[in-house]
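# A structural walkthrough
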Amino acid sequence: RYNFRRPDRISKEQLHALQFLHDRCARNMSTSFSAYLRTTISLTVSSVEQLSYEEFLRSVADPTAFYALGIAPFDELGALEINPGVAFALVDRLLGGAGQSAAVTRPLTEIEQNVVDSIVKLLLEGLAEAWKPVTNLAFSIRARETRPQMLQVAAPAEGVVVVVFHVQVGEAGGKLNLC
């Protein structure tokens, strides 16, 4: 069936190519993260989907670690969301803990956000490396927020591609969404 309200803008072949590209990126990032955090980190692609930006925002946690990403040479922004369970586990590991995530429903503090920034920068370097065979992209953090609705990355009806990664940090696991 064809949905006239939300026509697919990206072909299935292109979605499969994005899946393949990010699968390779996930394998490389698992190695980089494991070396950086000195523990075993597993990163796998769960899905690659076409959604509206509004649907994407409804699918992410609130509060969460949410980043607006610059993607040079383009003027458009991307978004990165790290599930709170994963974010708190990463903070715990980087600050000397075992990488455990407590059931916390509060936003990240400014200090915790700065700690997560180091992981995000490593992730952005890995993304740039993965995209090199296709085109030269430079990813950068433009803004960050704990409430996703507070960052204007795209118009609500704008079509986006969301790559969902599953991240396992020790006992803690969760999603990392790249939009």
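Remember, predicted model here, so these are calculated numbers, not experimental data. (Residues numbered from 1 in each chain as written. Predicted model: local features only at pLDDT ≥ 70, side-chain atom pairs only at ≥ 80, totals over all residues. Heavy atoms only, no water.)

### Points about the packing of helix α1 (residues 12–37) against helix α4 (residues 110–131)
This is how it is decided: Fitted lines through C-alpha atoms serve as axes, helices being fitted only where they are in contact, and the angles separating the N-to-C directions of these axes extend from 0 to 180 degrees. A run of DSSP states H or I qualifies as a helix once it reaches four residues; a run of E qualifies as a strand once it reaches two. Both are numbered from the N-terminal end. Roughly parallel here means an angle under 35 degrees, roughly antiparallel means over 145, roughly perpendicular means 65 to 115, and every remaining angle is called oblique. Should the near helix be turned anticlockwise from the far one by less than a right angle, the crossing is termed left-handed; should it be turned clockwise, right-handed. Pairs of residues are marked as contacts when any of their non-hydrogen atoms sit within 4.5 Å. Nonpolar residues are Ala, Val, Leu, Ile, Met, Phe, Trp, Tyr, Cys and Pro. Charged residues are Asp, Glu, Lys and Arg, and all others, Gly as well, are polar.
With their axes 9 Å apart at the nearest point, α1 and α4 run at an angle of 140 degrees to one another. The angle between the axes of α1 and α4 places the two elements in the oblique class. Here α1 and α4 pass one another in a crossing that is right-handed. Residues Leu 18, Leu 21, His 22, Arg 24, Cys 25, Met 29, Ser 32, Phe 33, Tyr 36 and Leu 37 of α1 form the contact with α4, whose participating residues are Ser 118, Ile 119, Leu 122, Leu 123, Gly 126, Leu 127, Ala 130 and Trp 131. By residue class, the composition of the contact of α1 with α4 is 13 nonpolar, four polar and one charged.

### Overview of unusual backbone geometry
To be explicit about the condition: The rule is simple: take the accessible area with a 1.4 Å probe, protein chains only, and divide by the maximum for that residue type; under 20% is buried, over 50% is exposed, in between is partly exposed.
The omega angle of the peptide bond from Asp 62 to Pro 63 is 10 degrees, so this bond is cis rather than trans. As for its position among the elements, Pro 63 is in the loop between α2 (53–59) and β2 (65–72). A cis amide bond, omega 15 degrees, links Ala 72 with the succeeding residue Pro 73. Looking at the element boundaries, Pro 73 is found in the loop between β2 and β3 (77–82). Notably, Arg 38 is not glycine yet its phi reads approximately 55 degrees, a positive angle. Position of Arg 38 relative to the elements: it lies in the loop between α1 and β1 (41–52). On the basis of relative accessibility, which here comes to 69%, the residue Arg 38 falls in the exposed class.

### As for the pattern of salt bridges
Heads up, the condition is: One side-chain nitrogen of Lys or Arg within 4 Å of one carboxyl oxygen of Asp or Glu is enough to make a salt bridge.
Enumeration over the complete set of coordinates arrives at five salt bridges. Note that Arg 106 is salt-bridged to Glu 112, the shortest N-O span being 2.8 Å. When its relative accessible area of 37% is taken as the criterion, Arg 106 is described as partly exposed. Across the pair Arg 144 and Asp 117 runs a salt bridge, and its minimum N-O distance is 2.3 Å.

### Digging into the nonpolar core
For clarity, the threshold we go by: Joining through side-chain atoms within 4.5 Å is the link that ties buried Ala, Val, Leu, Ile, Met, Phe, Trp, Tyr and Cys residues into a set, and such a set is a nonpolar core.
With 46 residues, the main nonpolar core has Phe 33, Leu 80, Ile 82, Val 116, Phe 139 and Phe 165 as its most contacted residues. Put simply, the parts of the chain that give this core at least two residues each are α1, β1, β2, β3, α3 (84–94), α4, β5 (159–169) and β6 (172–178). Considering every element that reaches this core, the biggest residue donor is α4, with 11 residues. Other than its neighbours up to four places away in sequence, Leu 80 contacts Ala 65, Phe 66, Tyr 67, Leu 69, Val 120, Leu 123, Leu 176, Asn 177 and Leu 178. If you look at the next biggest cluster of nonpolar residues, it comprises 15 residues, including Val 60, Ala 154, Val 160 and Cys 179.

### Quick look at empty space enclosed by the protein
Threshold: A pocket, in this scheme, is an open set of points on a 1 Å grid over the protein atoms alone with protein on both sides within 12 Å along at least 5 of 7 lines, while a cavity is a set where a 1.4 Å probe fits but cannot get out; residues line either one if an atom lies within 4 Å of a point. Grid points are joined across faces, edges and corners, and a volume is the space filled by probe spheres set on the points.
Taken as a whole, this structure holds one cavity of 30 Å³ or more when the rule is applied. Together, Pro 63, Thr 64, Ala 65, Pro 84, Ala 87, Phe 88, Arg 106, Pro 107 and Leu 108 line the largest cavity. Top contributing element to the lining of the largest cavity by residue count: α3, with three residues. In the lining of the largest cavity, the residues fall into seven nonpolar, one polar and one charged.

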